[in-house]
Structure formats: C-alpha cells, structure tokens
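Descriptive structure summary
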Amino acid sequence: MTKPKGEGEQHQWTMVIDLDKCTGCAACVTACYAENNVPVVGEEEVSMGRHMGWIRIERYWEGEYPDVRARFIPVLCQQCGKAPCEPVCPVFATYHSEVEHLNIQVYNRCIGTRFCANNCPYIARVFNWFAPDFPEPLHEQLNPDVTVRSRGIMEKCTFCIQRIRQVEEKAKMEERPIADGEVQPACAQACPTDAIIFGDLLDPNSKVAEVARSRRGFKLLEDLGTEPAVIYLKGGDIYGV
Amino acid sequence: MASESTRRDWQEGQEAALAHEEQKLREEVLLVDPRPRSEMNRMVLEAVQRITPGYIALLVVLGLITLVGLFFAWGYQMRWGMGVAGIRRPVFWGMYIANFVFWIGISHSGTFVSAILRVFKAEYSRPITRGAEMMTTFSLMVAGLFPLIHLGRTWRFYWMLPIPNQRELWPNFHSPLMWDMTAIFTYLTGSTLYLYLPLIPDFAMGRDHMTGWRQKLYRVLALGWRGTEEEWRHLMTAMKIFAFVIIPVMFSVHTIVSWDFAMTMKVGWRSSIFGPYFVVGAIFSGVSAVITMLIIARRSLKLHYFIRTEHLESLALLVLIFSFAWTYFFFNDFLVEWYGGERVGHEILTLQARGPAAPLWYGMLFFNILVPWATLWNKRIRRSPTALFLITLGVNIGMYLERVIIVTGFLQRNRMPFDWGEYNPSIVEMSIVVGSFAMFFFLYMLFTRILPYVPVWEVHEGQLTHRIVRFGRAVVTARTNVD
C-alpha cells in the first residue's frame, strides 16, 4: 500500500448493514437529517419524490394478503470504487478520493447538470430543487461542521466525512493510529439494533473486516461492477428467523 | 403526294408534341426556365421588403411570447429553483433536455439539404439551400439555450469553459457534456459561417440595387465584394471546403447528443445504436421541417417562381426514405431490448405501451411511420403542398414525442423499484417549451426580411449550365459541367 505524500493514512472506509438485524425503524434516517443539515421539505414535495434524505428505508412487500411480509433495505450512496457518477460530471464536482476510497461531492463546484444522478444505478443522489428552509427553531440545531447547501446543486451521503476528518486529525495530533470503531457515522451511531457497522476494511482486525467475510454478505447490484463500499448481510428469513 | 403531306402533318404534330413536352419541363424545372438576372434580383429583393401589417403583428406576438414564455419563466425558475419544473427523483432530466435534442435535430436540416446535396451535386437544391441553412443556425441558437435553462445554477455555466480560473480546475473532458458543448459550439460557428459565405454575392447584389438601411447593412456585410474572377475563385474554394467539413461536424453533433444517454448505465439508454439512430431521426425531422418552412415562406414571400413543386417533391421523397431508416433503427432498438428480456427494460417497454403516457408512444408510431408510409409513396400527395405541410408537421410532432419518450419515459423506471416515479411537466416547463418555439419562428421570420431568402447567383449559375435537349423523341435537361 503506497502512501501518497502528505495525504496521511490510507483507509478503505466500509459499511456493513445487517439486514437480519434491521427493523426498518428509520432511526438512521433521522440521525442523518440531524447530522448533515438535510432540509425537511414537507409532505407535498415528498409525495412528488423530492425528499432529501441521504439514506432511505426501502420497503418491499412480499406475498399475497393475508400472508404478507415486509422487507426492508436501507439504501444510501454506496461509495462505489468505480462510480458511474464520477466521469460524467463536467466540472469535477464529484470525484474519487484515492486515499479514502470515497466519492467526494464538492458542493461549491456543482453547477447542477444532474448527470451524476441519472447515471447512479442506486438512485442515491438528491438534488436541491429549492433553497433549503430551516424555520425556527430548526436552525438552532444546524451542524456547524457541515455546509448548508444552496439551491440547484447535488448532494448525497458522504459517510459523514466530517466525523472521519475529526477522528483522523485527533489521531494525528496524538500520533497514534485510528482505533477501530472510533469513526461512527450518524446512522451507525443511532441504529438501536447495531445493524450498521462502520470501519476500515484495510485494518484486518476491525469489526467491519470480520463481518465483511460473512457468508451472508452481498453487494447491491454487484453485477454492474461498480464495486460498492457498502456490504449487506442477509441470511435466513426476515428478522433472521 | 398524299403521302408527302401526311408525313409533313406527322412531323408538325411531332414537333408540336415535343414543344409541349419542353414547355411542361420548363414549368416544372426551375433551372431550365431561365429569366433575366435583373428580374430574379427584383423578385428576391421584393420578397425581402414584403413587410405587411400582419407580418409585424405576428412578429410582435411571437416576440412577446418569447419574452414572457421563455425568458420570464426562465428567470422565475432561476429565482426560485429548479423545483418549479416538474422534474423529480428519479426523472432528473425532463422537457428541457427533450427540447434540446429536438432542436438539435431540426438543425440537421440545413446541413443535410445544403451541404450534402451540394457535395453530391444535387442541382435541384440550389434555390432552397438558404432557407434550410437559416433553420440550422436559428434552431441551434434555441437548442443551445436548453442546457443552460436546465442547469441548477445557470449563473455558473462558465465553469464548464476551459478558461484559467481561481479554482485551478480544468473541465472534465471525460464527461459527455463537455464533448457536447464542444460539438455544438463548433457546429454553431461552422454553420453560421456556412450560411454567410454564399450570402456575400447576394449582399453585394442587394447593396447595388437597394436604398435605405438595408443598403447600409448590406454594404458592410458584402465585405466589399466586386465579383472579380479571383473573388469568385476564393468563394468557391471556401464553400467547397465548408460543405465537406460541416458534414462530419453535423454527424458528430447528434452522435454526441445521443452519447449523453448512451454512455450511461441506464437501461434503455445504454445502447450502441443510439448514435446513428439519433442522426437518422434528426435528418428525418430536419428535412420535414425544411418542407414545412419552405411552404410557409414560399407563400408569404411570394417566391413561387423559385421554390417549385419539384423541390417539395424531391424533399418529400427524402422524408419517406428517412422514415424507412428511422423505423429500421427504432425496430432494432426496440427488438433488442424486448427480446433481451431484462426486467427493467421490460418495465420500460410496458410503461410506454400501456402506461399513462401510452398515447405519446402510439402518437410517435402514427406520425413517424404510419402517416409517411401510407401517403408519401403517392406522387399526387408528394406534389400537394397542403398535404405535405400537414404530413411534415406531423413528422415533427412524432419526432418531438420520440424525444420526450426517450428522455423522460426511460428515466421513470430503473433497477431500484422503490424509486420508480411518474413525471409530468409543470406549467413553467411548458411555458418555456412554447417560448422556445416562438423564439425560433421569431428569429426565422425576422431574418427572412433581412437576408435574401433565395441565393439568386446560385440559381443564375444553375440556369446557365442547364438547358433542354432533345434525344430523338425524348426531351431531357442536360447539364454542362463548369467546375
């Protein structure tokens, strides 16, 4: 593993979502809204398909009444290793971070062609159709570490890059490697069943590296060759039965 | 003796029949029906000055629709955000991109009718090239607006230009949008110059025969043209170079527009046939639009001497041929998607055939296949301006529907069934669409009274090189090669 000069440690941030543990409670969605200054757009806009959440609980019904079962899958930006959204942006507003294996979205560069969103097979990207509105007292809880995005630009899940940076800088100051579990995105932190596990896949002793080897693992639309950094676990029936 | 007089009668009868044939040919073919140059000059210059109150009223109305429908609505959208349009996740591209593709398609008319027919020495196209080239330039101007209207932050569009900037960033030339911008800019520049070159002798003619503001304008635009041998030689060389060079540019433009779709991972868009499919569709709608505009212009400018049934008929035949070609590509694209049986592809095809927007799909098939195939094989219909007007208008309705289906229809279904969604254009989008049509007609109408609509010198040159000859009993047109 080569270290680019002055770029610090190489990491491969990975998320594992255990669908057998997921109850579809949407705590992750709420946590993400709070952490990342995601605007709430109201009922009318949501019914038009314009909700701004960076993570969503997809719910699919299986079977016929009365034998109906609901299946959940939280879907967010998969931080693809070969991301289809990256090459199509004319202004490098989205590009690949080789060091962290993340898709970076630079809000200030975005001019709003929405090409990236069309090319995302996971429909993970959201667009600011209007200027965000944080009516009182919501503006009091805005996260100062995260930009409030303006109208006309694209955004998406960042794996809470502000938290990654904070931990990286702290570890650097204390001259020690980042401990496993030290970086926690808001969704993983909020998950009541610990269904979301986050960590560095390059650290062989990390929890995430361990569960990633599970035979229950799969990746979303893996056949497209996008090399997602999100691994889903699924075995048995719903709720792990 | 009796046999002598019979033979004479027969010869006279034969002579009269041939003369009649000749007369018919002359009425049919412009290039063997010469009139003095001064008379042709007068006809064209009169057409430029034909400004009636009705014309002015229509121009004002179109200008107002452009201002309010297009520019005011665009400003409103910029002020409040893209949300005023009907686009939504997952249909991130809507009517704006469909319109963009449509107008780029219309722009193929000029190059096709003018450059390709010029390169292949299709002599009949001489009087209609100008009208077609004007369509190219003005439809490209309208088309070029749509990517800007479509941008979430229009005021930052220049970040796509490769100019030194404080962000120290070069544009991403991996993006098909960059190729698109480059191609369109090249095409607009090239087609404007290509429109201008053959205009120079006409400007000089106007300068010498007119008074008033037009004379002043033409004096500047004629670049001091005197008509010396050397000037003609340079002009001919330049026109020949442009005619050849603009053809690959034309092909590249619509191919690259199709790559905006074909280069993605989207099911339905991701297709290797999209390049030629789009080019053929563009020429199909472009040539149809030329017919529509020629019929209107001929009537309002009283240019029946120059623009004749023979021209409309030849172009109508091209429309039929391109309808065949378009159908061939459409069938290929459809069959592969359908037979391949991928679930998402099936959903898209089902949505087109049975979804709420199914009338669009059937409308496209009706106007693009059924109508041209059922009518244009018939010579009588090909020679009827009214029928052609309606048919070619229909073709462009059909091609417009095709663009709407390809852009917005395919986006409604994807690999994540939870995120499927319907798209309906909003009032702002529709207003901008209507405004763009008004803008095109406004520009075209305005410039029919500024630019000579028929290249007189080209017609004159054609008439000098063509004449009627008799081969035995056959009466045909013959051409002298002067190159």
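Residues numbered from 1 in each chain as written. Chains lettered and ligands numbered in written order. Predicted model: local features only at pLDDT ≥ 70, side-chain atom pairs only at ≥ 80, totals over all residues. Heavy atoms only, no water.

**Here we look at the interface of chain B and chain A**
Listed per partner, the contact involves 44 residues of chain B and 49 residues of chain A. Connecting chain B to chain A are one salt bridge. Counting every contact that joins chain B to chain A gives 26 residue pairs in polar contact (both at pLDDT 80 or more). Listing elements by their share of the side of chain B that touches chain A, those giving two or more residues are helix H3 (53–80) and helix H7 (176–196) of chain B. Classifying every residue of the side of chain B that touches chain A gives 25 nonpolar, 10 polar and nine charged. (Contact = heavy atoms within 4.5 Å. Salt bridge = Lys/Arg side-chain N within 4 Å of Asp/Glu carboxyl O. Polar contact = N/O pair within 3.5 Å; in protein donor to acceptor, adjacent residues only side chain to side chain. Helix = DSSP H or I, 4+ residues; strand = E, 2+ residues; numbered from the N terminus. Nonpolar A, V, L, I, M, F, W, Y, C, P; charged D, E, K, R; others polar.)

**Some details on the packing of aromatic side chains**
All names here are of chain B. Inspection of every chain in the model, using the stated rule, returns 47 aromatic pairs over all chains. Seen in terms of ring centroids, Trp 170 and Phe 173 are 6.5 Å apart; in terms of plane orientation they differ by 45°. Their pairing is tilted. Geometry around Trp 80 places Arg 79 over its ring, the cationic atom sitting 4.1 Å from the centre. Directly above the aromatic system of Tyr 55 lies the positively charged group of Arg 449, at a separation of 4.1 Å from the ring centroid. (Phe/Tyr/Trp six-rings, centres within 6.5 Å; stacked < 30°, edge-to-face > 60°. Lys NZ or Arg CZ within 6 Å of the ring centre and 35° of its normal.)

**Some remarks on the packing of helix H10 (residues 229–262) of chain B against helix H18 (residues 456–465) of chain B**
A pair of packed helices can be characterised by two numbers: the angle between their axes and the separation between those axes. Residues and elements named next belong to chain B. With their axes 14 Å apart at the nearest point, H10 and H18 run at an angle of 100° to one another. In terms of orientation, H10 lies roughly perpendicular with respect to H18. Within the contact between the two elements, H10 uses Trp 232, Leu 235, Met 236 and Met 239 and H18 uses Trp 457, Glu 458 and Glu 461. Residue composition of the contact of H10 with H18, by class: five nonpolar, no polar and two charged. (Axes fitted to C-alpha atoms, helices over the stretch in contact; angles between N-to-C directions. Parallel < 35°, antiparallel > 145°, perpendicular 65-115°, else oblique.)

**A short note on the pattern of salt bridges**
This structure, assessed with the given rule, holds 34 salt bridges over all chains. In this structure, the salt-bridge partner of Asp 18 of chain A is Arg 216 of chain A, at a minimum N-O distance of 3.0 Å. Placement of Asp 18 of chain A in strand S1 (residues 13–18) and of Arg 216 of chain A in the loop between helix H6 (207–212) and strand S9 (217–218) is noted, with a sequence separation of 198 residues between them. You can call Arg 216 of chain A partly exposed: its relative accessible area is 29%. We note a salt bridge from Arg 42 of chain B to Glu 46 of chain B, for which the minimum N-O separation is 3.1 Å. Of this pair, Arg 42 of chain B and Glu 46 of chain B both sit in helix H2 (residues 37–48), four residues apart, which is roughly one turn of that helix. Residue Glu 46 of chain B is classed as partly exposed on the basis of its relative accessible area of 39%. (Buried < 20%, exposed > 50% of the residue type's maximum accessible area, 1.4 Å probe, protein only.)

**Quick look at the nonpolar core**
The biggest cluster of nonpolar side chains holds 203 residues, and the ones touching the most others in it are Phe 159 of chain A together with Phe 306 and Tyr 453 of chain B. With 16 residues, helix H11 (residues 274–301) of chain B is the single largest residue contributor to this core. Those residues within four positions of Phe 306 of chain B in sequence are excluded, and the remaining contacts are Leu 30, Met 40, Met 43, Val 44, Pro 127, His 311, Val 454 and Val 459 of chain B. Counting residues in each nonpolar core, the second largest holds seven residues, with Leu 18, Val 29, Leu 31 and Val 32 of chain B among its members. (Core = buried A, V, L, I, M, F, W, Y, C linked by side-chain atoms within 4.5 Å.)

**Points about the confidence of the model for chain B**
On average, residues of chain B score 91 in pLDDT, and 99% of them are at 70 or above. Predicted as a complex, the structure gets a pTM of 0.93 and an ipTM equal to 0.90. (pLDDT = per-residue confidence, 0-100.)

**Points about the packing of helix H4 (residues 95–106) of chain B against helix H17 (residues 427–448) of chain B**
All names here are of chain B. At a minimum axis distance of 10 Å, the contact between H4 and H17 shows a crossing angle of 20°. On the basis of their axis angle, the class for H4 and H17 is roughly parallel. The handedness of the crossing between H4 and H17 is right-handed. Residues Met 95, Tyr 96, Asn 99, Phe 102 and Trp 103 of H4 lie in contact with H17, whose contacting residues are Val 428, Glu 429, Met 430, Ile 432, Val 433, Ser 436, Phe 437 and Phe 440. (Left-handed = near helix turned anticlockwise from the far one by under 90°.)

**A look at the pairing of strand S4 (residues 94–97) of chain A**
Residue and element names in this part refer to chain A. As paired elements, S4 and strand S5 (residues 102–105) share four bridges and run antiparallel to each other. Across the sheet, Tyr 95 pairs through a bridge with Ile 104, a residue of S5. Connecting the antiparallel pair S4 and S5 is a turn made up of four residues, with His 101 showing a positive phi of about 55°. (Pairing = 2+ DSSP bridges.)

**Section: the environment of Glu 337 of chain B**
Secondary-structure assignment places Glu 337 of chain B in helix H12 (residues 309–340). If sequence neighbours within four positions are ignored, Glu 337 of chain B has contacts with Val 267, Gly 268, Gly 345 and Leu 349 of chain B.

**A word on the environment of Arg 449 of chain B**
Residues and elements named next belong to chain B. Along the chain, the position of Arg 449 falls in the loop between H17 and H18. On the accessibility criterion, Arg 449 (7% relative accessible area) is buried. Residues Arg 449 and Ile 51, 398 residues apart in the sequence, show an inter-C-alpha distance of 7.6 Å. Beyond its immediate chain neighbours, meaning those up to four positions away, Arg 449 contacts Ala 47, Val 48, Arg 50, Ile 51, Tyr 55, Arg 214, Ser 300 and Leu 301.

**Some details on the sheet that holds strand S8 (residues 196–200) of chain A**
Residues and elements named next belong to chain A. Taking strand neighbours across the sheet as the criterion, the four strands line up as S8-S1-S10-S9 in an open arrangement whose pairing is mixed. In this open sheet, the two edge strands, each paired with only one partner strand, are S8 and S9. With five bridges joining them, S1 and S8 adopt antiparallel strand pairing. Bridging from a neighbouring strand, Trp 13 pairs with Asp 200 of S8.

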